[in-house]
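Close look at the chain arrangement
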Amino acid sequence: MRLSRIIMALTVGLAVVAVPTAAGAAQPQPPVYPPEVASLTVSPTTIRLGETFTLRGSNFGPNETVRIDVAISGLPAAAPADGSARRSDGSTVAMAPVAYTPNRAQPQPAPTTFTVTTDASGNFTVTYRPTRPGRYTFTATGLTSGRIASATGTVLPPRPTKSPHHGGLPVTGDSIGTPLKLGGGLAAAGAVLLLASMAWRRRRLG
């Protein structure tokens, strides 16, 4: 009799303990969303020196200050050349235009670190004007959210200026046609004067 009472008490106790556990398990759990991932784009991805990149960032914090770091490296090997010259052995070498302009202020180097502020949706748009060719890597870091995004762009040398002469070697001095014409005219005048002098002497002696 006592044993049956003990078994019944244990059964009732286990049932009481299991009811809250089952009720808690039956409650719906809130969904788990993945953290926001920031993004950064550069357009166009390839420009010539003197042109401008447009940087667009998204999914940063609202009204957040974003620091943009710029890393510059050499041009990739596959970058197209602006011109080429042929060596005596038949090989070619890339040529880049070099210009020297005295008494003109040189442009200030583009900044390698600057900040922008996002809008209420966590987005921003900013332009960047490089001052030398190379491969540019932009890294945007949200100073409050800690979100990071990066993108790259390539800056090629400026297009070479076209020579005013069509084909052939460039003219480096004045034309030699005028001196030749002048010399020929002087020689002809001298010959006429010489003949006139000889004729005058013959007449005087005769």
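Residues numbered from 1 in each chain as written. Predicted model: local features only at pLDDT ≥ 70, side-chain atom pairs only at ≥ 80, totals over all residues. Heavy atoms only, no water.

**What to know about the overall build of the chain**
Each helix and strand counted, the chain has two helices and 10 strands in total. Taken from N to C terminus, the helices and strands of the chain fall in the order α-β-β-β-β-β-β-β-β-β-β-α. The long-range fraction of contacts in the chain, counting pairs at least 24 apart against all pairs at least 6 apart in sequence, stands at 66%. Total accessible area on the chain is roughly 15800 Å²; 61% of this is exposed by carbon and sulfur atoms. (Helix = DSSP H or I, 4+ residues; strand = E, 2+ residues; numbered from the N terminus. Contact = heavy atoms within 4.5 Å. Areas by Shrake-Rupley, 256 points an atom, 1.4 Å probe, with all protein chains shown as cover.)

**Examining the sheet that holds strand E9 (residues 134–142)**
Taken in spatial order, the five strands line up as E2-E10-E9-E4-E7 in an open sheet, and their pairing is mixed. The open sheet has two edge strands with one neighbour each: strand E2 (46–48) and strand E7 (113–117). Sheet twist, expressed as the average angle between the axes of neighbouring strands with direction ignored, equals 30°. Sheet topology note: the strand E4 (residues 65–73)/E9 ladder contains eight bridges and is antiparallel. Within the sheet, the bridge partner assigned to aspartate 69 lies in E9 and is threonine 139. (Pairing = 2+ DSSP bridges. Axes fitted to C-alpha atoms, helices over the stretch in contact; angles between N-to-C directions.)

**Some details on the sheet that holds strand E8 (residues 124–128)**
Ordered by their spatial adjacency, three strands build an open sheet running E1-E3-E8, and the pairing between neighbours is antiparallel. A strand with exactly one partner marks an edge of an open sheet, and here the two such strands are strand E1 (39–43) and E8. Averaged over all neighbouring strand pairs, the angle between strand axes comes to 20°, with direction disregarded. When E1 meets strand E3 (residues 53–58), the two strands line up antiparallel, connected through five bridges. Looking across to E3, one finds that leucine 40 is bridged to glycine 57.

**Digging into the pairing of E7**
Judged by which residues are buried, E7 turns out to be one-sided: Phe114 and Val116 face inward and are buried, whereas Thr113, Thr115 and Thr117, on the alternate face, are not. Here E4 pairs with E7 via five bridges, running antiparallel. Paired with valine 66 across the strands is valine 116, a residue of E7. (Buried < 20%, exposed > 50% of the residue type's maximum accessible area, 1.4 Å probe, protein only.)

**With respect to the packing of aromatic side chains**
Under the definition given, this model contains seven aromatic pairs. Among the aromatic residues, those joined into a ring-pair cluster are Phe53, Phe114, Tyr128, Tyr136 and Phe138. (Phe/Tyr/Trp six-rings, centres within 6.5 Å; stacked < 30°, edge-to-face > 60°.)

**Here's the deal with the confidence of the model for the chain**
A residue-level look at the chain finds 54% of positions with pLDDT of 70 or above and a mean pLDDT of 75. The least confident element of the chain is strand E6 (residues 92–94), whose mean pLDDT is 53; the most confident is E3, at 98. Every residue in residues 96–104 scores below 50 in pLDDT, and together they form three contacts with partners more than four places removed in sequence or on other chains. (pLDDT = per-residue confidence, 0-100.)

**Side note on unusual backbone geometry**
Here the amide bond leading from serine 43 into proline 44 is cis, since omega sits at -15°, within 30 degrees of zero. Inspection of the secondary structure assignment puts proline 44 in the loop between E1 and E2. Of note, asparagine 59 is a non-glycine position whose phi angle comes to about 65°, a positive value. Among the secondary structure elements, asparagine 59 is positioned in the loop between E3 and E4. Given a relative accessible area of 32%, asparagine 59 falls into the partly exposed group.

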